[in-house]
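Residue strings, one per chain:
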Amino acid sequence: MAVSESNYRNIQQQLDGNNITLVAVSKTKPVADIEALYALGQRDFGENYVQELTEKQPQLPADIRWHFIGHLQSNKVKYIAPFVYMIHGVDSLKLLQEINKQAAKHQRVIDCLLQVHVAKEETKFGMDAGELNSLLQTFAQQESAFAHIRLRGIMGMASFTDDTAVVRNEFATIRSLFQQSKPRLPNQPFDTISMGMSGDYTLAIEEGSTLVRIGSLLFGSR
Ligand SMILES: *Cc1c(COP(=O)(O)O)cnc(C)c1O
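What counts and how
- Residues numbered from 1 in each chain as written.
- Predicted model: local features only at pLDDT ≥ 70, side-chain atom pairs only at ≥ 80, totals over all residues.
- Heavy atoms only, no water.
- Helix = DSSP H or I, 4+ residues; strand = E, 2+ residues; numbered from the N terminus.
- Polar contact = N/O pair within 3.5 Å; in protein donor to acceptor, adjacent residues only side chain to side chain.
- Buried < 20%, exposed > 50% of the residue type's maximum accessible area, 1.4 Å probe, protein only.
- Contact = heavy atoms within 4.5 Å.
- Salt bridge = Lys/Arg side-chain N within 4 Å of Asp/Glu carboxyl O.

Peer 1: Tell me about the side chain of E207, and name the residues and values.
Peer 2: Residue position: E207 is located in the loop between α8 (201-206) and β8 (211-214). Within the local environment of E207, its side chain forms a polar contact with the side chain of R168, the two groups lying 2.8 Å apart.

Peer 1: Pulling in residues and values, what's your account of helix α2 (residues 31-39)?
Peer 2: Among all positions in α2, only V31, D33, I34, A36, L37 and Y38 are buried. For α2, the elements touching its buried residues are α1 (5-15), β1 (21-25), β2 (44-47), α3 (50-56), β3 (65-68) and α9 (216-219). Phi turns positive, to about 115°, at G41, one or two residues after α2.

Peer 1: Which residues make up the pattern of salt bridges, and what values go with them?
Peer 2: Evaluation of the coordinates by the stated rule reveals 12 salt bridges. The closest approach of N and O atoms between K56 and E52, which form a salt bridge, is 2.6 Å. In this pair, K56 and E52 both sit in helix α3, 4 residues apart, roughly one turn of the helix. Both residues of the pair, K56 and E52, belong to the buried class. Put simply, R150 and D111 hold a salt bridge, and the shortest N to O gap is 2.9 Å. Of this pair, R150 sits in strand β6 (residues 149-157) while D111 sits in strand β5 (residues 110-117), and the two are 39 residues apart along the sequence. Taking the relative accessible area as the measure of exposure, D111 reaches 2% and is therefore buried. Via salt bridges that share partners, D111, R150, R152 and D191 belong to a single interconnected network.

This is the structure in structure tokens:
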């Protein structure tokens with residue numbers, strides 16, 4: 001079995017008592033590995049690619065909460081809208097409108113996180129502070145048009161660097177963007193800061209993460 005039960009227990013112990021959610025990132029890993037972690041009690045799983053997620057989902061138990069953590073194109077929302085629990089990578093009003101429309105077709109409400117960009121890497125997706133600001137403003141003005149969306153919080157990634165001061169600083173920026181956003185959405189259950197991966201989740205927790213997305217520590221390297 002490729003799944004590391006001891007890592008799973010250790011991570012759970014760190015998260016327990018702090019009310020932090022573990023999303024097990026199963027991208028590129030076979031259904032059998034997901035079943036193995038499910039058998040240990042894990043229910044939240046994260047995937048990055050729409051096609052991979054739609055292939056795996058029907059083969060696995062219906063009580064899994066699927067988190068879409070990759071970059072989502074508007075034209076692909078319809079494929080995951082019937083079952084996805086949370087979409088972490090919302091980075092535009094257009095995408096939010098499409099999620100709302102597709103969720104409505106299935107009489108569902110989909111939890112969403114707004115992705116912010118704080119890392120040095122040019123390639124990372126997400127909004128800067130100004131873009132986040134204008135999305136929040138428009139959403140607050142048109143909130144009744146988004147009945148099938150629940151805005152749950154903010155998602156972000158730190159730079160890939162060994163410099164822990166840089167990583168800590170970026171996580172602190174994500175938390176600060178969360179804290180600035182929350183009071184502007186009093187009708188939303190804004191309660192989630194999704195930050196931290198296998199290499200940096202301990203720092204993320206110290207900086208206020210409420211949800212960590214961990215892949216390789218649980219499933220082995222990809
Ligand atoms: C792959 C991925 C993860 C998990 O990465 P690991 O380093 O394997 O823990 C977390 N978040 C996002 C957005 C990812 O793409």
